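Survey of secondary and tertiary structure
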Amino acid sequence: MKNDTVLTQLAEVLESRKQAAPDSSYVAKLYAKGLDAILKKIGEEATETVMAAKDGEPDKIVYEVADLWFHTLVLLAQQNLHPDDVLNELARRFGISGLEEKANRPA
Ligand SMILES: N=c1c2ncn([C@@H]3O[C@H](COP(=O)(O)OP(=O)(O)OP(=O)(O)O)[C@@H](O)[C@H]3O)c2ncn1[C@@H]1O[C@H](COP(=O)(O)O)[C@@H](O)[C@H]1O
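Described below are features of the structure shown in this document. Since the model is a prediction, treat every value here as computed from it, not as a measurement.

Let's shift gears to helix H4 (residues 58-78). The terminal C-alpha atoms of H4 lie 30 Å apart, and with 21 residues this matches the ideal 30 Å at 1.5 Å per residue to within 8%. Positioned one or two residues after H4, Asn80 has a phi angle of 60°, which is positive.

This is the structure:
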């Protein structure tokens, strides 16, 4: 599966969990707990990412960044935002820097 498809399909699942009973799934439970609980998870996962990087364990870094990204995706959904909003912002920034790099390149 292509990586952008993973994000899109996961976003659809996260959206569907808004209609689910709180005790039916991890994400539904997190929505029910509210914004502060989601933000707390993001803080925890960010700290775990830092610790994994300090330990210098590549597999652990990937695992913790996946947890961090996942919980930021839950936040986006809870705020009625979509991963594309972030990807579009990154693309916009990349477009600007890409143009700057091109302008600075010798002809
Ligand atoms: N990608 C994930 C994913 N990554 C991490 N997690 C959960 O995030 C939590 C990570 O927190 P911790 O490492 O602190 O572990 P924990 O101690 O169990 O967490 P807490 O109970 O303290 O919150 C774990 O419970 C993981 O199961 C995820 N839970 C779900 N997904 C995806 O989200 C979809 C919907 O999930 P459900 O709503 O659970 O069906 C699933 O199909 C998956 O694709």
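Once the structure has been displayed, the description carries forward.
For Asn80, which is not a glycine, the phi torsion comes out positive at approximately 60°. By secondary structure assignment, the location of Asn80 is in the loop between H4 and helix H5 (83-104). Of the residues examined, Asn80 reaches a relative accessible area of 62% and is grouped as exposed.

So, how was this worked out
Residues numbered from 1 in each chain as written. Predicted model: local features only at pLDDT ≥ 70, side-chain atom pairs only at ≥ 80, totals over all residues. Heavy atoms only, no water. Helix = DSSP H or I, 4+ residues; strand = E, 2+ residues; numbered from the N terminus. Expected span 1.5 Å × (residues − 1). Buried < 20%, exposed > 50% of the residue type's maximum accessible area, 1.4 Å probe, protein only.

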